[in-house]
Amino acid sequence: MAVLVTATIFFAACTKEKSDIRLIPTLASTQTLNIKSDAATVVGFVVAAGDGFIEKGVCYSTTPAPTTAASKVAYTGQNNTATFNVTLPGLAYATKYYARAYAVNASGTIYGTELNFTTLPVVPTVTTTAITAITGNAAAGGGNVTVTGGAEVTARGICFGLNHLPTVADTKTSDSKGPGAFVSALTALKGNKTYYVRAYAINSAGTAYGPEVSFTTLVDLPVVTTVDVTAISKTGAVSGGNVTYDGGGTVTARGLAWGTTANPTIAGTKIDGGTGLGAFVSTLTGLQKFATYHVRAFATNSVGTAYGADIQFTTLADIQTWNIPGNYVAASYPGTTFADWSPDKSPQVISTIAAPDKLEGYVYMANAANEWKFATQPNWNGPNYGDGGAGKLDANGGNIASTAGYYKLNANTTTMTFTAVKTAWGVIGDASPLGWNDETALTYSPNQRVWQGVVHLTAASIKFRANHDWGLNYGSDKADGNLGAGAANIPVSLESDYAITLDLSHPNAYTYTANRWGVIGDATPGGWGTDTNMTWDATNKVLKVTLNLTVGAIKFRANDDWAVNLGGLNLAALTNGGDNIPIAIAGNYTLTLDVLKAVPSCTVTKN
């Protein structure tokens, strides 16, 4: 840590007795002064004719203008040299000194120009505190910086490890800075291990360490993780755990705790998984169908029992899925991979969690005469049910016969019965043209597998009803597009022509849309802020509007909201969120929008 300071003392002196001797007291920049914490080397230079001196050297003090009456070091080398080096020993660290070269002749003592320097600091002095509060994974320690060493203590703390004489390159704490006592927390320790500890303090001179102390941690709890739950069935599942750390003791038991409440313990139901470290697998059996369970891996040693994370899972519901193969399928479901008499390529009926023995679904049959069966598997391995007469399901029964129509199929696996009700759907309600008296009919689209139509609705409410009878009706409790049998009326906020779809193609997951459409854009009177509404052209089966457009662009938007908007440069195939439609010439235009097709389209005609 030595610092080189360039300094040279030139002597200059004139005496009345010897005017031929001159010592010039000037500092030279080519010489050096080597400063340490306890010593410094001064280079003197005497310019004189002949030697004429009986002694020369350097005197020094902690106060200015030192003389030979204070501390001095005489030069003992060759007297015939002008340059001489003198080392000043036994200096105090971090202390400012003043020094002058001197020379003694018969006329007396002369001195060079005074210089000053400060010795370097030393490393601090620090003690290590005894270790207390020892547990299986933590302890308390610390130290005391009793001497700073003449420089700021920029860091302090304790370093510790499993080997003797730990350093700051090992694990350490950082406990502020400066002198005085400090407290350190040792954490993340391993159980039943001997640790070695030393306090440390750092200043510009380096790092100092206190005496080494040692301690041994107690046995700690084990560490165990819970394995993700797999192979979930209606009545079983597979989980387990992994004991990654024994806490410094012996793992005498491990396994899986489980139950229907969070954070199960070994006081409840558990599965034994052996002893010691490592992974284990636990199989849960006898569970309830469609029930929520919690599992936690556990590991026990002499200290106690540790647990892994709580993992929640739900067993499968007892939902059944049957297929409806028949000779109607290919003709009734165009554009799909469905095929006649192929159970895996047929419509389905599905039960619900609430009623696992009751299957339901809607099936369209386009032929004038249709034959079909219930297949309980996506193949012909059975059992397969046909008509047992009087609505009974019979594994040996013949094909079930139905005329053309859209059927609601129900099967009950407890009573082994079925129904096939032909339905025709429409919109009913005080917002609809016929009020609550009767439904306004919708039309079924085989290509899209939905009921659809455009109906003028007022600001009131609607539901969907079939066959002019309240035995089959759907509403929506949240008005969010999802339907439920007999659910709440669906509110209609604004009067307009609405394009409506009723999708019953997914068993027990029925949905609807009811969209009023407008045109928007910087080419329209309302710009990008306000829609110009479109009305239904019943003759051409399109939504229509005539308006003046400027040069710019347009899009079609539903319900004054960007959630559903149609655009695209190909007007015969619009897409949701598609490109703006350009208007190159200002003028009066008639716009049409067909949203009842599988692929929406529009026309833009300048009048």
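Scroll up to find the structure this text is about.
A brief report on the enclosed structure follows. Values in this document were obtained by computation on a predicted structure and should not be read as measured data.

A word on the overall build of the protein
Link 1 in the chain: In terms of helices and strands, the protein carries one helix and 53 strands.
Link 2 in the chain: In terms of overall dimensions, the protein is more spread out than a globule: its C-alpha atoms have a radius of gyration of 48 Å, far above the 25 Å expected for 607 residues.
Link 3 in the chain: With respect to the principal axes defined by its C-alpha atoms, the protein has extents near 145 × 80 × 40 Å.
Link 4 in the chain: Burial status across the protein gives 45% buried among its 607 residues.
Link 5 in the chain: Within the protein, residue pairs in contact and separated by at least 24 positions form 64% of the contacts whose partners lie at least 6 positions apart.
Link 6 in the chain: Put simply, the protein shows about 27,700 Å² of open surface, and 53% of that area lies on carbon and sulfur atoms.
Link 7 in the chain: Of the charged side chains in the protein, 36 are positive and 39 negative; the average position of the first set lies 9 Å away from that of the second.

Section: the sheet that holds strand S11 (residues 125–128)
Link 1 in the chain: Spatial strand order, S11-S12-S15: three strands in an open sheet with antiparallel pairing. Two strands in the sheet have a free side with no partner beyond their single neighbour: S11 and strand S15 (180–186). Across the sheet, the mean angle from the axis of one strand to that of its neighbour is 25°, orientation sign disregarded.
Link 2 in the chain: Pairing analysis gives four bridges linking S11 to strand S12 (residues 139–147), with the strands arranged antiparallel. The partner of threonine 128 across the bridge, within S12, is glycine 143.

Comments concerning the nonpolar core
Link 1 in the chain: One finds Trp372, Phe374, Trp425 and Phe464 to be the most contacted residues of the largest nonpolar core, which totals 43 residues.
Link 2 in the chain: At the level of elements, strand S29 (358–372), strand S33 (400–412), strand S35 (425–428), strand S38 (450–457), strand S39 (461–466), strand S40 (469–475) and strand S43 (496–503) are the ones that each hand at least two residues to this core.
Link 3 in the chain: Per-element accounting of this core gives the leading share, six residues, to S29.
Link 4 in the chain: Excluding its chain neighbours within four sequence positions, the residues that come into contact with phenylalanine 374 are Trp322, Asn323, Ile324, Val349, Pro383, Asn384, Tyr385, Leu393, Ile400, Ala411 and Phe418.
Link 5 in the chain: In this structure, Val519, Met534, Phe556 and Leu574 belong to the second largest nonpolar core, which totals 23 residues.

Points about the side chain of threonine 592
Link 1 in the chain: Inspection of the secondary structure puts threonine 592 in strand S52 (residues 587–594).
Link 2 in the chain: With a relative accessible area of 16%, threonine 592 lands in the buried category.
Link 3 in the chain: Engagement of the side chain of threonine 592 in a polar contact is seen with the side chain of threonine 603, the distance being 2.4 Å.

A look at unusual backbone geometry
Link 1 in the chain: Going from glycine 382 to proline 383, the amide bond is cis rather than trans, its omega being 0°.
Link 2 in the chain: Turning to its location among the elements, proline 383 is positioned in the loop between strand S30 (374–375) and strand S31 (384–387).
Link 3 in the chain: Phi at asparagine 263 takes a positive value of approximately 55°, unusual for a residue other than glycine.
Link 4 in the chain: With respect to the helices and strands, the residue asparagine 263 is situated in the loop between strand S21 (253–259) and strand S22 (269–272).

Things to note about a nonpolar patch on the surface
Link 1 in the chain: Residues Phe290, Ile319 and Ile353 make up a contiguous nonpolar surface patch of roughly 250 Å² in combined accessible area.
Link 2 in the chain: Among the secondary structure elements, isoleucine 319 is positioned in the loop between strand S26 (311–314) and strand S27 (321–323).

Reading the values: the criteria
Residues numbered from 1 in each chain as written. Predicted model: local features only at pLDDT ≥ 70, side-chain atom pairs only at ≥ 80, totals over all residues. Heavy atoms only, no water. Helix = DSSP H or I, 4+ residues; strand = E, 2+ residues; numbered from the N terminus. Rg over C-alpha atoms; globule rule 2.2 N^0.38 Å. Buried < 20%, exposed > 50% of the residue type's maximum accessible area, 1.4 Å probe, protein only. Contact = heavy atoms within 4.5 Å. Areas by Shrake-Rupley, 256 points an atom, 1.4 Å probe, with all protein chains shown as cover. Lys, Arg positive; Asp, Glu negative; His and termini not counted. Charge placed at Lys NZ, Arg CZ, Asp CG, Glu CD. Pairing = 2+ DSSP bridges. Axes fitted to C-alpha atoms, helices over the stretch in contact; angles between N-to-C directions. Core = buried A, V, L, I, M, F, W, Y, C linked by side-chain atoms within 4.5 Å. Polar contact = N/O pair within 3.5 Å; in protein donor to acceptor, adjacent residues only side chain to side chain. Patch = residues over 30% accessible without salt bridge, like charges linked within 9 Å, V, L, I, M, F, W, Y side chains within 5 Å. Salt bridge = Lys/Arg side-chain N within 4 Å of Asp/Glu carboxyl O.

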